[in-house]
Amino acid sequence: MAKLFIRDEELENIEVEEEEEDEEQDWEDWKADDEEEDGPHFLCLFCDSKYGSSHVLFEHCSSSHHFDFKRIKKTLSLDFYSSFKLINYIRSQVAENRCWSCGLTCPSKRDLQNHLHETVSYKNSTLPWADNEYLKPFMQEDPLLYSFGEDDESEDDDTISVNKEELMRDFSSSFEKICMDDESTLVTYASDFDTSGEHGKEEIDVKEVGGSSDRKPKDKHHRVSFAKQIKNANENYFGSYSSFGIHREMISDKVRTDSYRNAILNNPSLLSGAVVLDVGCGTGILSLFAAQAGASRVIAVEASDKMAAVAMQIAKDNGLLWRGSPREGNSPCTGVIRVVQGMVEELDNFKHIQPHSVDVLLSEWMGYCLLYESMLSSVLLARDQWLKPGGAILPDTATMFVAGFGRGGTSIPFWENVYGFNMSCIGRELVEEASRAPIVDVIDSCDIVTNSVVLQTFDLVTMKPEEVDFTASIELESKLNSPENDTTDSRPQTTWCYGVVLWFETGFTSRFCVEMPTVLSTSPYTPKTHWSQTILTFREPIAMAVGKPKVDSSAAVGTDDCPVVKILSRISIVRGAQHRSIDISLETAGISPDGQKRSWPVQIFNLQ
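- An unreviewed UniProt entry annotates the chain as C2H2-type domain-containing protein originating from Nyssa sinensis.

So this is what it looks like as structure tokens:
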């Protein structure tokens, strides 16, 4: 639940300083910007030359720097993602005067340009740009990443046909993501947090966090603007949790609340006498359970000032609020819950907790599609700063699943018969819109038409913060295509897959919950939750084979005459450019019974 506060008056002071510093340069900057807009804007990968199109740029790279982009792409069979990574990889190597091809580091940029040579052979070896770190643009506002495929010839059926320009508009924003744990990119300021109640005030004196002391002054405005963006996104996010309706919905979700309650109350060896940290406590319901389970101390952290005050009042009304100790000159302790208003990232300013002093880290951090809201990063930060070695995290695992859904998972059936009238044109339009934006809704288990497979598993005890972003490949088969449904009937039998649906489970495993492990599931096969499922709709449905039908080899793969026996998919989920959103890319291909393969265009979804 990462949050950055910037005091309004501090922002104003910073902006005034920046205006004063840059006032004399405004005219020159304006003229320079104007010239840049009018001139060529495609920067060469190896030198300072600029060109008006990617086509001319790549011709220059081939003739002057021994880099034939089209030939390399064809020889290595680079797909869209690999080509994207290659460009960022080369820029990163050239910035360090290193040859992208052989790895030699040269004394200067001029020496590097003299050194450049024909590409070494990468066949049967790991490509040095294969790492997903090169999905993040090395050079911000790099127009080449929007246009590198605009002159490509049409590709064969085995290659995903991508509208490169449209995709890159979405894709570049997908990987210009905000990493809250990268303190070197920000200078942040925060106001004191004030939670006033009958028993006085608790304050967090927040100091300057992150930022390099040798930053150049010209970066200040960018950092302030960037921090403003974070501040606004966080205020909207935490402000949304000030609504009691949201908390009623979450508490009324019996699957959610009972799972946490059972894990906390039915594992006395874990909670009895423990120091507990509740990250994002909301109303404080989980803290109340922890106190009820016998915790000796519960630190409930909540960033929303309104909900922190509410949580404090609730703890007080139930006789569980910590009121200080005789040593502090207050009334004797009558409870174990201490509510702290602020972010867990700023908890080091709270004098009543020491690093690595927490026995149990407790949080209900999951969002839609598990990772929406980006709160997992805050939980991992709390783990690294406050949890004792060997301490417990509840829940300690999270697993994402995926399956294909059929026609009943769309809105088509409803619109086909509306009081006897055919309104299917509306259903078709809605399905088309759904192929461009994810839908959070409940899918009936009877509408699942494939097997369910694991997409990604997270171990919250050992995972690294950067592993929140991931790419995974899966294979889906018709769930009717099993040995018990095998048939010798050669008549064509098909089922239609309209897209994929994602859900998650979190585990309170026996690693910590020895007496009673618990699983919280949002599966279509279990009682529904407020998380529902996340639905990604294909641009066109794919016919899947049931049994062993004869197929028409001349027909397009994935149609009724040539259904697929497998759907291959590669799914990437990353934190989006808009703070707390996530971007999802979906690549889809199908394999027919006679081994033909067809790939469909990549789809980009943003969940915000």
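And the narrative resumes.
1. Focus on the confidence of the model for the chain
1) Next: In this model, the chain carries a mean pLDDT of 79, and residues with pLDDT of at least 70 account for 73%.
2) Next: Counted against residues more than four places away or in other chains, residues 1–39, with its pLDDT under 50, gives 62 contacts.
3) Next: Note on residues 153–226: pLDDT is under 50 here. Beyond four places in sequence and across chains, it has 156 contacts.

2. As for the sheet that holds strand β19 (residues 597–607)
1) Next: Taking strand neighbours across the sheet as the criterion, the 4 strands line up as β13-β17-β18-β19 in an open arrangement whose pairing is antiparallel. Of all the strands in the sheet, the pair left with one neighbour each is β13 (470–476) and β19. Between one strand axis and the next, the sheet turns by 15 degrees as a mean value, whatever way the strands run.
2) Next: Sheet topology note: the strand β17 (residues 566–575)/strand β18 (residues 582–591) ladder contains 10 bridges and is antiparallel. Looking at the pairing, Arg575 lines up with Ile582 of β18.

3. Topic: the side chain of Ser92
1) Next: Tracing the chain through its elements places Ser92 in helix α5 (residues 80–94).
2) Next: Here the side chain of Ser92 touches Tyr89 through a polar contact of 2.6 Å, landing on its backbone oxygen.
3) Next: A polar contact is formed between the side chain of Ser92 and the side chain of Gln93, at a distance of 3.4 Å.
4) Next: When neighbours within four sequence positions are excluded, Ser92 is seen to be in contact with Tyr134 and Phe138.

4. Here we look at the pairing of β13
1) Next: Across the two faces of β13 the burial differs, with Phe470, Ala472, Ile474 and Leu476 buried and Thr471, Ser473 and Glu475 not buried at all.
2) Next: Across 7 bridges, β13 lies against β17 in antiparallel orientation. The partner of Glu475 across the bridge, within β17, is Leu568.

5. Side note on the environment of Pro517
1) Next: Summarising the element assignment, Pro517 is placed in the loop between β14 (494–508) and β15 (518–521).
2) Next: As a C-alpha pair, Pro517 and Asn266 span 251 residues in sequence and 8.8 Å in three-dimensional space.
3) Next: In contact with Pro517, other than residues within four places in its own chain, are Phe508, Thr509 and Ser510.

6. Topic: the packing of helix α11 (residues 254–265) against helix α13 (residues 285–292)
1) Next: α13 packs onto α11 with a crossing angle of 25 degrees between their chain directions and a minimal axis gap of 9 Å. The orientation of α11 relative to α13 falls into the category roughly parallel. Crossing of α11 against α13: the hand is right-handed. Along its contact with α11, which presents Thr257, Tyr260, Arg261, Ile264 and Leu265, the element α13 presents Leu286, Phe289, Ala290 and Gln292.
2) Next: In terms of residue class, the contact of α11 with α13 is built from 6 nonpolar, 2 polar and 1 charged.

7. Regarding the sheet that holds strand β8 (residues 358–363)
1) Next: Strand order across the open sheet formed by 5 strands is β7-β6-β5-β8-β9, with parallel pairing between neighbours. The sheet is open, and its two borders are formed by β7 (337–341) and β9 (387–394), each paired with just one other strand. Strand-to-strand twist in this sheet, taken as the mean axis angle between neighbours without regard to direction, amounts to 20 degrees.
2) Next: Alignment of strand β5 (residues 275–279) against β8, held across 4 bridges, turns out to be parallel. Within β8, the position partnered with Leu277 by the bridge is Leu361.
3) Next: Where helix α15 (residues 376–386) meets the sheet, it contacts β5, β8 and β9, and its direction lies at approximately 150 degrees from that of β9.

8. Some points on the pairing of strand β6 (residues 297–302)
1) Next: Here β6 lies mainly inside the structure; 5 of its 6 residues are buried.
2) Next: Bridging between β5 and β6 involves 5 bridges; their strand directions are parallel. Note that in β6 the partner of Val275 across the bridge is Arg297.
3) Next: In this view, the connection linking β5 to its parallel neighbour β6 by way of α13 has right-handed handedness.
4) Next: In this structure, β6 lies alongside β7, joined through 5 bridges in parallel fashion.

9. Here we look at the packing of aromatic side chains
1) Next: A complete count under the given rule lists 13 aromatic pairs for this structure.
2) Next: With centroids separated by 6.0 Å and ring planes inclined at 15 degrees, the aromatic side chains of Phe401 and Trp503 adopt a geometry described as stacked. Highlighted residues: Phe401 in strand β10 (residues 397–405) and Trp503 in strand β14, separated in sequence by 102 residues.
3) Next: Residue classification places Phe401 among the buried residues on the basis of a relative accessible area of 16%.

Analysis parameters
- Residues numbered from 1 in each chain as written.
- Predicted model: local features only at pLDDT ≥ 70, side-chain atom pairs only at ≥ 80, totals over all residues.
- Heavy atoms only, no water.
- pLDDT = per-residue confidence, 0-100.
- Contact = heavy atoms within 4.5 Å.
- Pairing = 2+ DSSP bridges.
- Helix = DSSP H or I, 4+ residues; strand = E, 2+ residues; numbered from the N terminus.
- Axes fitted to C-alpha atoms, helices over the stretch in contact; angles between N-to-C directions.
- Polar contact = N/O pair within 3.5 Å; in protein donor to acceptor, adjacent residues only side chain to side chain.
- Buried < 20%, exposed > 50% of the residue type's maximum accessible area, 1.4 Å probe, protein only.
- Parallel < 35°, antiparallel > 145°, perpendicular 65-115°, else oblique.
- Left-handed = near helix turned anticlockwise from the far one by under 90°.
- Nonpolar A, V, L, I, M, F, W, Y, C, P; charged D, E, K, R; others polar.
- Right-handed = clockwise from strand over helix to strand, strands pointing away.
- Phe/Tyr/Trp six-rings, centres within 6.5 Å; stacked < 30°, edge-to-face > 60°.

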